[in-house]
Amino acid sequence: YYFIPCAFLCKHAIELKLKECLLAEGAEELKGHGVEALWGQIKTVSYPHYDELLAFIKEIEKIDKNEMALRYGINSKLEPLSENYKFDIDNLIHNTMFLFNVLDEYVVHANIFRKNI
C-alpha cells in the first residue's frame, strides 16, 4: 500500500521541480498542479533526453489526471478509488531523480548562470 503515497509524493515533487524551473526562467505567476501543463510552459527545450522526459511526464499525468486520486484516495465523484494501479515504484522514483538531475543542470542552473553574467 505504500506505492500510492510514494506515487503522490513523486508527482508532487515533479510539480514543484517544474515550478522551480519556471521561476528560474523568470515566470512571475505559477498556476495549476498538472505536470504536463507546467512542463509545456518551460521555455528551455534543448537538453538531452527531452523526448524521453516528455514521455515520462505524460505517464505521470496519466497516473493521476484528476489530481485527486493519489492525493485524497477518491475520484472526481468523491467515491473511493476503483482504479487498479500497476506500476513499478522503483522505476518511478529512479526516473523522477533522473528528471530532476537533467532539469537542475540544463534549466535551473543554466538560467541562474545566465542571470549572473
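Conventions adopted
Residues numbered from 1 in each chain as written. Predicted model: local features only at pLDDT ≥ 70, side-chain atom pairs only at ≥ 80, totals over all residues. Heavy atoms only, no water. Helix = DSSP H or I, 4+ residues; strand = E, 2+ residues; numbered from the N terminus. Buried < 20%, exposed > 50% of the residue type's maximum accessible area, 1.4 Å probe, protein only. Contact = heavy atoms within 4.5 Å. Areas by Shrake-Rupley, 256 points an atom, 1.4 Å probe, with all protein chains shown as cover. Core = buried A, V, L, I, M, F, W, Y, C linked by side-chain atoms within 4.5 Å. Axes fitted to C-alpha atoms, helices over the stretch in contact; angles between N-to-C directions. Parallel < 35°, antiparallel > 145°, perpendicular 65-115°, else oblique. Left-handed = near helix turned anticlockwise from the far one by under 90°. Nonpolar A, V, L, I, M, F, W, Y, C, P; charged D, E, K, R; others polar. Expected span 1.5 Å × (residues − 1). Arc of directions from axis to C-beta.

A.B. asks: What exactly am I supposed to notice about the overall build of the protein here?
C.D. replies: Counting its regular elements, the protein contains 5 helices and 0 strands. If you list the helices and strands of the protein from N to C, you get α-α-α-α-α. For the protein, the proportion of its 117 residues judged to be buried stands at 35%. Considering only residue pairs separated by 6 or more positions, the protein has 60% of its internal contacts joining residues 24 or more positions apart. Accessible surface, the protein as shown: approximately 7500 Å² in total, 57% of it carbon and sulfur.

A.B. asks: When you look at the nonpolar core in this model, what are you seeing that I'm missing?
C.D. replies: Membership of the largest hydrophobic core comes to 26 residues, with the highest contact counts inside it found for Ile14, Leu18, Trp39, Leu99 and Leu103. Sorting the residues of this core by element identifies helix H1 (3–24), helix H2 (35–41), helix H3 (50–63) and helix H5 (89–116) as the ones contributing at least two each. Tallying contributions element by element places H1 first for this core, with 8 residues. Ignoring sequence-local partners within four residues, the contact set of leucine 103 consists of Lys17, Leu18, Cys21, Trp39, Tyr47 and Val108.

A.B. asks: I keep staring at the packing of H1 against H3 and nothing clicks. Help me out?
C.D. replies: In helix packing, the relevant descriptors are the interaxial angle and the interaxial distance, both defined with respect to the helix axes. At their nearest, the axes of H1 and H3 sit 11 Å apart, and the two run at 130 degrees to each other. Taken together, the axis directions place H1 and H3 in an arrangement best described as oblique. The two elements H1 and H3 cross, and the hand of that crossing is left-handed. The residues of H3 that touch H1, namely those facing Lys11, Ile14 and Leu18, are Phe56, Ile57, Ile60 and Glu61. By residue class, the composition of the contact of H1 with H3 is 5 nonpolar, no polar and 2 charged.

A.B. asks: It is not clear to me how the side chain of lysine 17 should be interpreted in this structure. Could you clarify?
C.D. replies: Relative to the elements of secondary structure, lysine 17 occurs in helix H1. Given the relative accessible area of 10%, lysine 17 is considered buried. Residues within four places of lysine 17 in sequence aside, it is in contact with Phe100, Leu103 and Asp104.

A.B. asks: Please explain the environment of aspartate 90 as it appears in this structure.
C.D. replies: Summarising the element assignment, aspartate 90 is placed in helix H5. Between the C-alpha atom of aspartate 90 and that of phenylalanine 3, which follows or precedes it by 87 residues, the distance is 9.4 Å.

A.B. asks: How should unusual backbone geometry be read in this particular structure?
C.D. replies: With the exception of glycine, most residues fall at negative phi, and the peptide bonds are largely trans. The backbone phi angle of histidine 49 is positive, close to 65 degrees, even though this residue is not glycine. Tracing the backbone shows histidine 49 in the loop between H2 and H3. For histidine 49, a relative accessible area of 40% gives the class partly exposed.

A.B. asks: Please explain H3 as it appears in this structure.
C.D. replies: The periodicity of an α-helix, 3.6 residues per turn, causes residues three or four positions apart to be oriented the same way. Here H3 contains 14 residues, and its C-alpha end-to-end distance of 20 Å stays within 8% of the 20 Å for a straight helix at 1.5 Å per residue. Burial in H3 covers these residues: Leu53, Phe56, Ile57, Ile60, Glu61 and Ile63. Within H3, the buried residues cover an arc of 150 degrees as seen down the axis, which keeps them to one side. Exposed residues on H3 whose side chains face more than 90 degrees from its buried face are Asp51 and Lys62.

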